[in-house]
Amino acid sequence: MAEINIVPMGTPGPSVSSYISNCYRVVKDEPGIKHQLTPMSTIIEGELEQVLNVVKKMHQVPFNDGVQRVVTSITIDDRRDKQDSMEKMVDAVLH
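Conventions and cut-offs
- Residues numbered from 1 in each chain as written.
- Predicted model: local features only at pLDDT ≥ 70, side-chain atom pairs only at ≥ 80, totals over all residues.
- Heavy atoms only, no water.
- Patch = residues over 30% accessible without salt bridge, like charges linked within 9 Å, V, L, I, M, F, W, Y side chains within 5 Å.
- Areas by Shrake-Rupley, 256 points an atom, 1.4 Å probe, with all protein chains shown as cover.
- Salt bridge = Lys/Arg side-chain N within 4 Å of Asp/Glu carboxyl O.
- Helix = DSSP H or I, 4+ residues; strand = E, 2+ residues; numbered from the N terminus.
- Buried < 20%, exposed > 50% of the residue type's maximum accessible area, 1.4 Å probe, protein only.
- Contact = heavy atoms within 4.5 Å.

K.L.:
What exactly am I supposed to notice about a nonpolar patch on the surface here?
P.N.:
Taken together, the side chains of Leu 48, Leu 52, Ile 74 and Ile 76 make up a nonpolar region of the molecular surface, amounting to roughly 300 Å² of accessible area. For the nonpolar patch, the elements supplying multiple residues, two or more each, are helix 2 (48-64) and strand 4 (69-76). You can call Ile 76 partly exposed: its relative accessible area is 42%.

K.L.:
Would you mind showing me how to read the environment of Leu 48 here?
P.N.:
Along the polypeptide, Leu 48 turns up in helix 2. The exposure class assigned to Leu 48 is partly exposed, which follows from its relative accessible area of 33%. Distance in space between the C-alpha atoms of Leu 48 and Val 71 is 21 Å, their sequence separation being 23 residues. Setting aside its immediate chain neighbours within four residues, Leu 48 contacts Ile 76, Asp 78 and Arg 80.

K.L.:
Hey, could you run me through the pattern of salt bridges in this one?
P.N.:
One side chain can pair with another of opposite charge once the charged atoms of both are near each other. Taken as a whole and assessed by the stated rule, the structure comprises six salt bridges. Between Glu 30 and Lys 57 there is a salt bridge; the shortest N-O distance is 3.2 Å. Placement of the pair is Glu 30 in the loop between helix 1 (17-28) and strand 2 (34-37) and Lys 57 in helix 2, with a sequence separation of 27 residues. Close ionic contact of Asp 78 with Arg 80 constitutes a salt bridge, the shortest N to O distance being 2.7 Å. Taking the relative accessible area as the measure of exposure, Asp 78 reaches 39% and is therefore partly exposed. Each member of the salt-bridge network shares a partner with another, and the members are Lys 34, Glu 45 and Glu 87.

These values are about where atoms sit, not about what they do.
Now the structure itself:
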């Protein structure tokens, strides 16, 4: 599981939602990846190698849209003692 935050730098205006929307399309179109869009980031769940490949594709999108600088932050939660999911982690906190 990984939390991804992509910040296009030097855009013509203060809004970056169109760039983020294009990044999010990469996740939506990727088979086998669960995802959750939040106001500040995107959380993706899948096999680590596939997750890292998706992050690489997402990071490239603003460059393809003409941005010259992109800052991407990644937080990886790689638990190997038991199988976990976004839903299970949220339920553990709420119950």
